[in-house]
Amino acid sequence: IGQKKLLKASVLIVGAGGLGSPIAIYLTAIGVGKIGVVDKDKVEISNLGRQIIFTENDINKSKSFSAISRLKKLNSDIILKSYYQKITKSNLKQIAKNYEIIVDGSDNFKTRFLINDYCVKNKKILVSGAISKFDGHIYTFNFSKNESPCLRCFIPKIPSEDLDVDNCQYEGILGPLAGIIGTIQANEIVKEILGIGETLCGSILIVNALKLTFRKVKLNKRSNCYCHGKKK
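Throughout, residues of each chain are indexed from 1 in the direction in which the sequence is written. With the structure being a predicted model, the display of local features is reserved for residues of pLDDT at least 70 and the display and counting of side-chain atom pairs for 80 or more, all residues being used for whole-chain, interface and lining totals. Side-chain metrics rest on all non-hydrogen atoms present in the structure, leaving aside hydrogens and water.

**Q** Got a minute to help me understand a positive patch on the surface in this structure?
**A** Here the term patch refers to residues with relative accessible area over 30% and no salt bridge, with like charges joined within 9 Å and nonpolar side chains (Val, Leu, Ile, Met, Phe, Trp, Tyr) within 5 Å. Here, Shrake-Rupley sampling with a 1.4 Å probe gives the accessible areas, and only protein chains in the shown set may cover a residue. Only one rule defines a salt bridge in this text: a Lys or Arg side-chain nitrogen within 4 Å of an Asp or Glu carboxyl oxygen. Asp and Glu count as negative and Lys and Arg as positive, but His and the ends of the chain are not part of the count. Each charge is placed at NZ for Lys, CZ for Arg, CG for Asp and CD for Glu. Among the surface-exposed residues, Lys89, Lys93, Lys97 and Lys121 lie close enough to one another that they form a single positively charged patch. Relative to the helices and strands, lysine 93 resides in helix α4 (residues 89-96). A relative accessible area of 52% means that lysine 93 is categorised as exposed. Strands here are runs of E lasting at least two residues and helices are runs of H or I lasting at least four, both read from the DSSP assignment and numbered beginning at the N terminus. Summary of the burial criterion: residues with accessible area below 20% of their type's maximum are buried, those above 50% are exposed, and those between are partly exposed, where the area comes from a 1.4 Å probe applied to protein chains only.

**Q** Would you explain the pattern of salt bridges in this entry?
**A** Side chains that carry opposite charge are capable of pairing whenever their charged atoms lie near each other. Across all of its chains, the model carries four salt bridges by this definition. The residue aspartate 41 makes a salt bridge to lysine 40 at a minimum N-O spacing of 3.0 Å. Here aspartate 41 falls in the partly exposed class, since its relative accessible area comes to 28%. For lysine 40, a relative accessible area of 43% corresponds to the partly exposed category. With a shortest N-O distance of 2.7 Å, aspartate 117 and arginine 152 are connected by a salt bridge. Of the two residues, aspartate 117 is situated in helix α5 (residues 109-122) and arginine 152 in helix α6 (residues 151-154); the sequence distance between them amounts to 35 residues.

**Q** Explanation requested: a nonpolar patch on the surface in the structure shown.
**A** Together, Phe134, Leu174 and Leu210 make up an exposed nonpolar region whose accessible area comes to about 270 Å². For phenylalanine 134, a relative accessible area of 35% corresponds to the partly exposed category.

**Q** Please clarify how the packing of aromatic side chains should be interpreted in this entry.
**A** Each aromatic ring pair is summarised here by two numbers: the centre-to-centre distance and the angle between the ring planes. Note on aromatic pairs: the rings of Phe, Tyr and Trp (six-membered ring only in Trp) are paired at centre separations within 6.5 Å, and the planes decide the class, stacked below 30 degrees, edge-to-face beyond 60, tilted for the rest. A complete count under the given rule lists five aromatic pairs for this structure. Here the aromatic cluster, defined as three or more aromatic residues joined through ring pairs, consists of Tyr139, Phe141, Phe143 and Phe154. Geometrically, a charge over a ring is one whose NZ (Lys) or CZ (Arg) sits within 6 Å of the ring centre while staying within 35 degrees of the ring normal. It is arginine 112 that lies over the ring of phenylalanine 109; its NZ or CZ is 5.1 Å from the centre. The lysine or arginine in question, arginine 152, covers the ring of tyrosine 226, its NZ or CZ lying 5.9 Å from the ring centre.

**Q** Help me understand α5 in this model?
**A** The periodicity of an α-helix, 3.6 residues per turn, causes residues three or four positions apart to be oriented the same way. Multiplying one less than the number of residues by 1.5 Å gives the expected span of a helix. Here α5 spans 20 Å end to end across 14 residues, near enough to the 20 Å set by a 1.5 Å rise per residue. Within α5, ten of the 14 residues are buried, which leaves the element mostly enclosed by the surrounding structure. Taken together, the buried positions of α5 are occupied by Phe109, Thr111, Arg112, Phe113, Ile115, Asn116, Asp117, Tyr118, Cys119 and Val120. Note on contacts: a residue pair is in contact if any heavy atoms of the two residues lie within 4.5 Å. At its buried positions, α5 is contacted by β1 (10-14), α4, β4 (101-104), β5 (125-132), β6 (135-142) and α6. Lysine 123, located one to two residues past α5, shows a positive phi value of around 55°.

**Q** Would you take a moment to explain the pairing of β5 for this structure?
**A** Regular strands show a simple pattern: their side chains alternate between the two faces of the sheet. Burial analysis of β5 places seven of its eight residues in the buried class, which makes it a mostly covered element. As paired strands, β4 and β5 are joined by four bridges and run parallel to one another. Counted as the bridge partner of isoleucine 102 is leucine 126 from β5. By the criterion used throughout, a crossover qualifies as right-handed when its path from the first strand across the helix to the second strand runs clockwise, the strands pointing away from the viewer. This β-α-β element, β4 to α5 to β5, shows right-handed connectivity. As judged from the eight bridges shared by β5 and β6, these two strands associate in the antiparallel manner. When DSSP finds two or more bridges between a pair of strands, those strands are recorded as paired.

**Q** Is there a simple way to explain the sheet that holds strand β8 (residues 213-218) in this structure?
**A** Paired through their backbone hydrogen bonds, the strands of a sheet run either parallel or antiparallel. Spatial strand order, β3-β2-β1-β4-β5-β6-β7-β8: eight strands in an open sheet with mixed pairing. Two strands in the sheet have a free side with no partner beyond their single neighbour: β3 (79-83) and β8. Taking the axes of each pair of neighbouring strands and ignoring which way they run, one obtains an average angle of 15° across the sheet. Note: β1 against β4, four bridges, orientation parallel. Residue pairing in the sheet places valine 14 in a bridge with aspartate 104 of β4. Here an angle of 0 to 180 degrees is reported between the N-to-C directions of two axes, which are lines fitted to C-alpha atoms, with helices fitted over the stretch in contact.

**Q** What am I meant to see in the environment of lysine 97 here?
**A** Relative to the helices and strands, lysine 97 is located in the loop between α4 and β4. Separated by 84 residues in sequence, lysine 97 and isoleucine 13 have C-alpha atoms that sit 13 Å apart.

**Q** Teacher, can you tell me more about the nonpolar core here?
**A** The tendency in soluble globular proteins is for nonpolar side chains to be buried as a group. By convention a nonpolar core is built from buried Ala, Val, Leu, Ile, Met, Phe, Trp, Tyr and Cys residues, the set being connected through side-chain atoms within 4.5 Å. By size, the foremost hydrophobic cluster in this structure holds 40 residues, and its most contacted members are Val11, Leu27, Ile189 and Ile193. Those elements that provide at least two residues to this core are β1, α2 (20-30), β2 (34-38), α3 (63-74), β4, β5, α8 (175-194) and β7 (203-208). Per-element accounting of this core gives the leading share, nine residues, to α8. Apart from residues no more than four positions distant in its own chain, isoleucine 193 is found in contact with Lys5, Leu6, Ala9, Val11, Val32 and Ile101. In this structure, Ile102, Leu126, Phe141 and Ile204 belong to the second largest nonpolar core, which totals 29 residues.

See below:
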């Protein structure tokens, strides 16, 4: 029964980088029936230390196309679709409308907030992850449930452009941390599809790779937040 639920599920992964790589590999391996991968970038040699879905042969090739090519070799029985483009407010609606669960593996606040607002409006399930240096965050937002908080409950406004940089490039990332956070995101997706376990919705999971600590912090829904119908 569980395998049939996975086969009927559809997941859109935004970002084929350090987070998107393990997410895509695990979801493909366990047989999620329809997977889309969105990424506007090409593979660079500096990506290979943490973006485990790629090899040296993929350098200078589209990340989304290369990722899908690898996934097809892993599981040819599921539907896999590549989107080689930058996510915008207009194309997100067209791309995401046929997927039940959206996974945010992006590397900038603008994209994260765009995905968050789309999922709030369209009552999608959103599993979001973020990494910086030695720390990682995982959020699960189930907007089909009115009590679910959103990203804006935690960060009300998009941070300034000075802070909106690729953390991997400017601050550095401990490579295995991306795998840890991405794998936990994949685990959260499976739990949501199967309706098993304790949901992370309403909490933030904070991981410190140096101390190897895992903390679950309560995330309350703000009464004046966008997810409450307030203007942004």
